[in-house]
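# Reading the structure
So you can see what is in the structure, the chains are spelled out below.
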Amino acid sequence: MPVPSLLAVFAHPDDESLLAGGVLARHAATGARTAVVTTTWAPDSHRAPELADALRLLGAGGPRMLGYADARVPGSAPGRARLLDAPPDEVVARIVRQVREFRPDVVVTHDGYGQLTGHPDHVRTHRATLSAVYAAGLEHLHPEAGEPWLPGAVYLATHPHSGVGELGALLRSAGKTVLSVPDEHVTATVDVRPWLDRKWSAIAAHRSEAARERPLPGILSRLPAATRDRILATEWYTRLAVRPAPGGADALTA
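Residues numbered from 1 in each chain as written. Predicted model: local features only at pLDDT ≥ 70, side-chain atom pairs only at ≥ 80, totals over all residues. Heavy atoms only, no water.

## Focus: the overall build of the protein chain
Spelled out, the test is: To qualify as a helix, a DSSP run of H or I must reach at least 4 residues; to qualify as a strand, a run of E must reach at least 2; elements of each kind are numbered from the N terminus. All radius of gyration figures rest on C-alpha atoms, and the globule criterion is 2.2 Å times the number of residues raised to 0.38. Each residue is placed in one exposure class: buried if its accessible area under a 1.4 Å probe, protein chains only, is under 20% of its type's maximum, exposed if it is over 50%, and partly exposed if it falls in between. Contacts: residue pairs with any heavy atoms within 4.5 Å of one another. The Shrake-Rupley method, run with a 1.4 Å probe, gives the accessible areas here. Residue values count only the displayed protein chains as cover. All tallies of charge rest on Lys and Arg as positive and Asp and Glu as negative; His and the ends of each chain are not included. The atoms used to mark charge sites are NZ of Lys, CZ of Arg, CG of Asp and CD of Glu.
When its secondary structure is counted, the protein chain shows 9 helices and 7 strands. Relative to the 2.2 N^0.38 estimate, which gives 18 Å for 254 residues, the radius of gyration of the protein chain is 18 Å and therefore close to what a compact globule would have. In terms of overall dimensions, the protein chain has C-alpha extents of about 55 × 45 × 35 Å along its principal axes. Taking all 254 residues of the protein chain together, 52% fall into the buried category. Pairs at least 24 residues apart make up 77% of the contacts formed inside the protein chain by residues separated by at least 6 positions. Accessible area of the protein chain: about 11,500 Å², with a carbon and sulfur share of 55%. The averaged location of the 27 negative side-chain charges in the protein chain is 2 Å from the averaged location of its 27 positive side-chain charges.

## So, the nonpolar core
Within soluble globular proteins, side chains that are nonpolar tend to cluster in buried spots. Going by this rule: Put simply, buried Ala, Val, Leu, Ile, Met, Phe, Trp, Tyr and Cys residues joined by side-chain atoms within 4.5 Å make one nonpolar core.
In terms of nonpolar packing, the biggest core is built from 40 residues, with Phe10, Val108, Leu220, Leu232 and Tyr237 touching the most fellow members. Residue assignment for this core shows that the elements contributing at least two residues are β1 (6-10), α1 (15-29), α2 (47-58), β4 (106-110), α5 (165-173), β6 (188-191), α6 (196-204) and α9 (225-232). At 6 residues, α1 tops the list of elements feeding residues into this core. Leaving out residues up to four positions away in the same chain, valine 108 has contacts with Leu6, Leu7, Ala8, Val9, Phe10, Ala20, Tyr155 and Tyr237. Grouped together as the second largest cluster of nonpolar side chains are 24 residues, Ala35, Tyr68, Val96 and Leu156 included.

## Details of the pairing of strand β2 (residues 34-40)
For the record, the criterion: Two strands pair under a simple rule: DSSP has to find at least two bridges between them. Note on handedness: a clockwise path from strand one over the helix to strand two, with the strands aimed away from the viewer, defines a right-handed crossover.
Taking burial as the measure, the 7 residues of β2 include 7 buried ones, the bulk of the element. Note: β1 against β2, 5 bridges, orientation parallel. Following the sheet pairing, phenylalanine 10 is matched in β2 by threonine 38. Regarding topology, α1 serves as the crossover connection from β1 to the parallel β2, and that connection is right-handed. Taken together, the 3 bridges between β2 and strand β3 (residues 64-68) define a ladder with parallel strand orientation. Within β3, the residue paired with valine 37 across the bridge is arginine 64. You can see the chain leave β2, run along α2 and come back into β3, and the turn it takes is right-handed.

## Remarks on the pairing of strand β5 (residues 153-158)
With 5 of 6 residues buried, β5 lies mostly within the body of the structure. Regarding the hand of the β-α-β motif, the stretch spanning β4, helix α4 (residues 120-136) and β5 is right-handed. Here 6 bridges tie β5 to strand β7 (residues 234-241), and the two strands are oriented antiparallel to one another. The residue of β7 that forms the bridge with alanine 153 is alanine 241.

## Structural notes on the packing of aromatic side chains
To keep things clear, this is the line we draw: Pairing of aromatic rings covers Phe, Tyr and Trp, the last counted by its six-membered ring, and requires centre-to-centre distances within 6.5 Å; plane angles under 30 degrees mean stacked, over 60 mean edge-to-face, and any other angle means tilted. The rule is short: NZ of Lys or CZ of Arg within 6 Å of the ring centre and within 35 degrees of the ring normal puts a charge over the ring.
Taken as a whole, this structure holds 1 aromatic pair when the rule is applied. On the numbers, 6.5 Å between centres and 80° between planes, the contact of tyrosine 155 with tyrosine 237 is edge-to-face. Taken together, the residues span a long stretch of sequence, with tyrosine 155 in strand β5 and tyrosine 237 in strand β7 at a distance of 82 residues. Note on tyrosine 155: relative accessible area 22%, which makes it partly exposed. On the accessibility criterion, tyrosine 237 (2% relative accessible area) is buried. Over the face of the ring belonging to phenylalanine 102 we find arginine 33, whose NZ or CZ atom lies 4.4 Å from the ring centre. Over the face of the ring belonging to tryptophan 200 we find arginine 228, whose NZ or CZ atom lies 4.1 Å from the ring centre.

## What to know about the side chain of histidine 142
Relative to the helices and strands, histidine 142 resides in the loop between α4 and β5. A relative accessible area of 12% places histidine 142 in the buried class. In contact with histidine 142, other than residues within four places in its own chain, are Asp89, Val92, Ala93, Val96, Arg100 and Ala135.

## So, unusual backbone geometry
Residue glutamine 115 is not a glycine yet carries a positive backbone phi of 70°. One non-glycine residue, histidine 142, adopts positive backbone phi at about 50°.

Okay, structure coming up:
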């Protein structure tokens, strides 16, 4: 059975490597098509070439940066609106275009909390991506964005309560929030140890973040390799079905 094509939509450069680097590397290694959309930071910012290096390591093509400003870094996209301030329908339309151009089987994005730290850009990207996936399949919504395409599923990158472990303690020590989901919300647990070297190399490619103290790449870079590997070796996802279910009794009418 062929491995499905995968389009990841994340808020910041480095989210793709931290949250789905193992799955992206695994899919690419099997020959599946993969790509990453990044909703914040300008294509001419210092983080763009770092993102390009990370995506090359993951086999995910070139950067697809929407160029909105990071909520907490005004200089990330000078003269552009923050993602949080951009018209919601505009953001959705731009993600619809990416979905219709790439035509993925699966879309991966942030969970409803915006991951463990609840970053507002993560939450906004999650909401816009879910709206875009459904809109992409409807011909009369955003017709200027290309021919309709409806992916088969959305996978939300997440952390279950039981999977927070050492990472949670590190984030709390840095003054960060830790938001995890009940274990039963996780529908896919992926052991990415075979691709761990590539995943870590992609994270480290975000050099400006790895050099700082509080961002997660910086926290991870200061850990012993064995501890870092334990934290990064598993990825968790919640699957959301997108396509209409085949016939049969419906719960509302049965």
